[in-house]
Amino acid sequence: MSRSFLLDLAYDSIKEVLETREFIDKAEIIERYPILQEKIPMSLKIFVDDELQGTYADNADHTLLQNIILGAKIAAFGDKEPLKVSEFLKAEIEISLHTPEGIISHRA
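Criteria and cut-off values
- Residues numbered from 1 in each chain as written.
- Predicted model: local features only at pLDDT ≥ 70, side-chain atom pairs only at ≥ 80, totals over all residues.
- Heavy atoms only, no water.
- Axes fitted to C-alpha atoms, helices over the stretch in contact; angles between N-to-C directions.
- Helix = DSSP H or I, 4+ residues; strand = E, 2+ residues; numbered from the N terminus.
- Parallel < 35°, antiparallel > 145°, perpendicular 65-115°, else oblique.
- Left-handed = near helix turned anticlockwise from the far one by under 90°.
- Contact = heavy atoms within 4.5 Å.
- Nonpolar A, V, L, I, M, F, W, Y, C, P; charged D, E, K, R; others polar.
- Core = buried A, V, L, I, M, F, W, Y, C linked by side-chain atoms within 4.5 Å.
- Buried < 20%, exposed > 50% of the residue type's maximum accessible area, 1.4 Å probe, protein only.
- Salt bridge = Lys/Arg side-chain N within 4 Å of Asp/Glu carboxyl O.
- Pairing = 2+ DSSP bridges.

(A) Molecular detail of the packing of helix α1 (residues 5–19) against helix α3 (residues 64–77). With their axes 8 Å apart at the nearest point, α1 and α3 run at an angle of 55° to one another. Relative to α3, α1 is oriented oblique. Seen along the crossing, α1 lies across α3 with a hand that is right-handed. For the pair α1 and α3, the contacting residues are Leu 6, Leu 9, Ala 10, Ser 13, Ile 14, Glu 16, Val 17 and Leu 18 in the first and Leu 65, Ile 68, Ile 69, Ala 72, Lys 73, Ala 76 and Phe 77 in the second. Partitioning the contact of α1 with α3 into residue classes produces twelve nonpolar, one polar and two charged.

(B) Representation of the nonpolar core in the model. If you look at the biggest cluster of nonpolar residues, it comprises 29 residues, and the most contacted ones within it are Ile 14, Leu 44, Ile 46, Ile 68, Ile 93 and Ile 95. Within the residue set of this core, elements represented by two or more residues are α1, α2 (26–32), β1 (42–48), α3 and β3 (91–99). Counting residues per element, this core draws most heavily on α3, which supplies seven residues. In contact with Leu 44, other than residues within four places in its own chain, are Ala 10, Gly 54, Thr 55, Tyr 56, Ile 68, Gly 71, Ala 72, Ala 75, Ile 93, Glu 94 and Ile 95.

(C) Inspection of the pattern of salt bridges at higher detail. Throughout the structure, instances matching the rule amount to five salt bridges. Residue Asp 50 is joined to Arg 107 by a salt bridge in which the shortest nitrogen-to-oxygen separation is 3.0 Å. Of this pair, Asp 50 sits in the loop between β1 and β2 (51–58) while Arg 107 sits in strand β4 (residues 102–107), and the two are 57 residues apart along the sequence. Judged by its relative accessible area of 35%, Arg 107 falls in the partly exposed class.

(D) Fine view of the pairing of β3. Judged from the seven bridges that link them, β1 and β3 form a sheet pairing that is antiparallel. What sits directly across from Ser 43, in β3, is Ser 96. Across six bridges, β3 lies against β4 in antiparallel orientation. Bridged to Ser 96 within β4 is Ser 105. Taking the residues between adjacent antiparallel strands as the criterion, β3 and β4 are bridged by two residues.

(E) Representation of unusual backbone geometry in the model. A positive phi angle, close to 60°, is found at Asp 50, a residue other than glycine. Using a relative accessible area of 61% as the deciding quantity, one classes Asp 50 as exposed. With a phi close to 75°, Ala 60 is a non-glycine residue in the positive phi region. Examined against the element boundaries, Ala 60 turns out to sit in the loop between β2 and α3.

(F) Main features of the sheet that holds β3. With respect to topology, four strands assemble into an open sheet ordered β2-β1-β3-β4, the strand pairing being antiparallel. Two strands bound the open sheet, and with one partner strand each, they are β2 and β4. When the angles between neighbouring strand axes are averaged without regard to direction, this sheet yields 15°.

Here it is, written out as structure tokens:
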């Protein structure tokens, strides 16, 4: 089963740090998914072996695109010990969007 685009974006954000190169084309993403320009409260969690490794939460101060990219990097490298490559390979990311209709959450 494939992951959602938002989860792929979070994984790619971490990969940018691990590979020390930028490859996420934000302009192309916004063109394809204009909703990512919206400011939606969200949270992001990283789990390794079902243990919480790092977290990030935002009350819609940034766009959803900015939050996912920034949030993944902060959760992976800013909370506790930086995420190691071996941990990244088995990590699961959970993104929760706090919409007026309720919370939408994905984890993979």
